[in-house]
Amino acid sequence: MIVYRTITGKLESLLKTFPVVTLTGCRQCGKSTLLKNLLPDYTYISLEDLDIRELARRDPRHFISAYSQNVIIDEIQQVPELLSYLQTHVDSVNRSGMYVLTGSHNLLLMQSISQSLAGRTALLTLAPFSIQELRNADMLPRSVNEMLYTGNFPRIYDQHMEPADFYASYIQTYVERDVRLIRNISDFSAFTRFLKLCAGRCGQILNVSQLAEDAGITRKTAESWISLLETSYIIYRLKPYYKNFGKRIIKNPKLYFYDTGLAASLIGLNDSQQIESFYMRGALFENLIVSDLLKKRFFSGKTGELYFWRDSNGVEIDVMEEDGTELYAYEIKVSETMNAGFFSNIKKIKDSAGIQMRNTAVIYGGKLAVPASETCGKYVPWNTL
């Protein structure tokens, strides 16, 4: 079954105005499948193919002449030097929709694009399925626990794979293959241990020094590895909101994974039933909602700038989002029962922050949707997000 990706509309509109569109995102999130289905008349080229990769490196001019337009070039970061030749070619032809490039490593790709294709390419980010996409395809897991354990990667749903099998392979592939491409890491066991420690901290304020100490590495190494994980779309650092509303605020980011299934696997969970009584159930649920709010922005072509807010007195708002002149605030609760107290922190700062109650919501583990009132924001069930 082909799942409609909500990024499709934005991708189609950008193809009409830019000569190149670049689609980034983690491995196995569905970039190639999306593009092949959306653009059946385009020639598909993968630079993972050794022969094609060698041709692009050895004779880039011939490669460009052979694939001059209406081409999908997958994993472009394998041959970043090709981008300079693409620049010359698209400038000479000056036609929209000539190339779609994909890549799994944001850092390598962005460095190359900023040098060669600045102003010539639109940038989009794809991620594993969103809750909305799974719901529209009638594939959404029925329970919170099953959703957290299964995660959102397309292959699990397309191939009816056991999540434990998929994530074990995914972790091994990522560590043994992708990490080598970006960083010269000699101790892969230490890196894997570090990755698992990160999973155990999802939803928490990131303390790099403590994380480094627990992993047995230097702070500098920890910072380098965090950057690596972030640019590979494994983890996401949620920044604190930059306005203090007259209060002292926490300035460290919070740590989240792009996919809860991957985090659950790294933590060591073997089935969805274990999550019910697991002490990190609330953190994993918070991670699920934060990552889904990120996808909503990514798939509409926006940057992933979401925030949280916490002051020195412990008053915290899970997610804050700016949209034009409006500021939105969301609390995330795994509880299935509505409770007016969930809005207490929002009410403490709403006047100083200029937040309207209509722009607030509790996203929770229950089933009943309730609209906003003058005294409370909306209640949004997780599976209707």
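Residues numbered from 1 in each chain as written. Predicted model: local features only at pLDDT ≥ 70, side-chain atom pairs only at ≥ 80, totals over all residues. Heavy atoms only, no water.

Caption draft 1: Spotlight on the sheet that holds strand β5 (residues 121–125). Pairing is parallel across the open sheet formed by five strands, whose spatial order is β2-β3-β4-β1-β5. Of all the strands in the sheet, the pair left with one neighbour each is β2 (43–46) and β5. On average, adjacent strands in this sheet sit at an angle of 20° to one another, irrespective of strand direction. Judged from the five bridges that link them, strand β1 (residues 20–24) and strand β4 (residues 99–103) form a sheet pairing that is parallel. Within β4, the residue paired with Thr24 across the bridge is Gly103. (Pairing = 2+ DSSP bridges. Helix = DSSP H or I, 4+ residues; strand = E, 2+ residues; numbered from the N terminus. Axes fitted to C-alpha atoms, helices over the stretch in contact; angles between N-to-C directions.)

Caption draft 2: Inspection of the pairing of strand β9 (residues 316–323) at higher detail. With six of eight residues buried, β9 lies mostly within the body of the structure. Sheet analysis places strand β8 (residues 307–310) next to β9, joined by three bridges and oriented antiparallel. What sits directly across from Arg310, in β9, is Glu316. Here β8 hands over to β9 after five residues, with Gly314 in that stretch at a positive phi of 90°. Note that β9 and strand β10 (residues 326–333) share five bridges and pair antiparallel. Residue pairing in the sheet places Val319 in a bridge with Tyr330 of β10. Taking the residues that link successive antiparallel strands as the turn, the β9-β10 hairpin has two residues, and the phi of Gly324 there is positive, at about 65°. (Buried < 20%, exposed > 50% of the residue type's maximum accessible area, 1.4 Å probe, protein only.)

Caption draft 3: Focus on the nonpolar core. By size, the foremost hydrophobic cluster in this structure holds 96 residues, and its most contacted members are Phe191, Phe194, Leu229, Ile234, Phe257 and Trp382. Element by element, the count of residues in this core is highest for helix α15 (residues 281–299), at nine residues. Apart from the residues lying within four places of it in its own chain, the contact partners of Phe257 are Leu195, Cys198, Ala199, Cys202, Ile234, Ile235, Leu262, Ala263, Leu266, Asn287 and Ser291. Residues Phe63, Tyr67, Val71 and Leu83 belong to the second largest nonpolar core, which totals 22 residues. (Core = buried A, V, L, I, M, F, W, Y, C linked by side-chain atoms within 4.5 Å. Contact = heavy atoms within 4.5 Å.)

Caption draft 4: Inspection of helix α5 (residues 82–93) at higher detail. A rise of 1.5 Å per residue sets the reference length of α5, with its twelve residues, at 16 Å; its end C-alpha atoms lie 17 Å apart and thus fit the reference within 8%. Every buried residue of α5 is accounted for by Leu82, Leu83, Leu86, His89 and Val90. Around the axis of α5, the buried residues are gathered within 120° of arc, so they sit on the same side. For α5, the exposed residues lying more than 90 degrees away from the buried face are Thr88 and Ser92. Taken from the residues just after α5, Asn94 is the one with a positive phi, measuring 55°. (Expected span 1.5 Å × (residues − 1). Arc of directions from axis to C-beta.)

Caption draft 5: How the structure looks around the sheet that holds β9. Strand order in the open sheet formed by seven strands is β7-β6-β8-β9-β10-β11-β12, and the pairing between neighbours is mixed. The sheet is open, and its two borders are formed by β7 (254–257) and β12 (378–381), each paired with just one other strand. Shown here is a sheet whose adjacent strand axes are inclined to one another by a mean of 35°, direction ignored. Sitting on the sheet, helix α16 (residues 344–353) touches β8, β9, β10 and β11 (360–364), and the angle it makes with β9 is about 40°.

Caption draft 6: Focus on the packing of aromatic side chains. Going through the model one piece at a time under the given rule, you end up with 18 aromatic pairs. Between Phe153 and Tyr170, the ring centres sit 4.9 Å apart and the planes meet at 50°, which makes this aromatic pair tilted. Here Tyr170 lies in helix α10 (residues 163–182) and Phe153 lies in the loop between α8 (144–150) and α9 (154–158), a separation of 17 residues in the sequence. Geometrically, the ring pair formed by Phe166 and Tyr167 is edge-to-face, given 5.1 Å between the ring centres and 85° between the ring planes. With respect to burial, Phe166 and Tyr167 carry one shared label: buried. The cationic tip of Lys36 hangs over the ring face of Tyr44; the distance from NZ or CZ to the ring centre is 4.1 Å. Above the plane of the ring of Phe308 lies Lys254, whose end atom (NZ or CZ) is 5.5 Å from the centre. (Phe/Tyr/Trp six-rings, centres within 6.5 Å; stacked < 30°, edge-to-face > 60°. Lys NZ or Arg CZ within 6 Å of the ring centre and 35° of its normal.)

Caption draft 7: View of the packing of helix α1 (residues 8–15) against helix α2 (residues 31–38). Running from N to C, α1 and α2 cross one another at 60°; their axes reach a closest spacing of 12 Å. Our classification of the angle between α1 and α2 gives oblique. Once α1 is placed against α2, the crossing between them reads as right-handed. Where α1 abuts α2, its residues Thr8, Leu11 and Glu12 lie against Leu34, Leu35 and Leu38. A per-class count over the contact of α1 with α2 returns four nonpolar, one polar and one charged. (Parallel < 35°, antiparallel > 145°, perpendicular 65-115°, else oblique. Left-handed = near helix turned anticlockwise from the far one by under 90°. Nonpolar A, V, L, I, M, F, W, Y, C, P; charged D, E, K, R; others polar.)

Caption draft 8: Representation of unusual backbone geometry in the model. The phi dihedral of Asn70 falls on the positive side, at around 55°, and the residue is not glycine. With a phi angle near 60°, Asp138 is a residue other than glycine that sits in the positive phi range. Tracing the chain through its elements places Asp138 in the loop between α7 (131–136) and α8.

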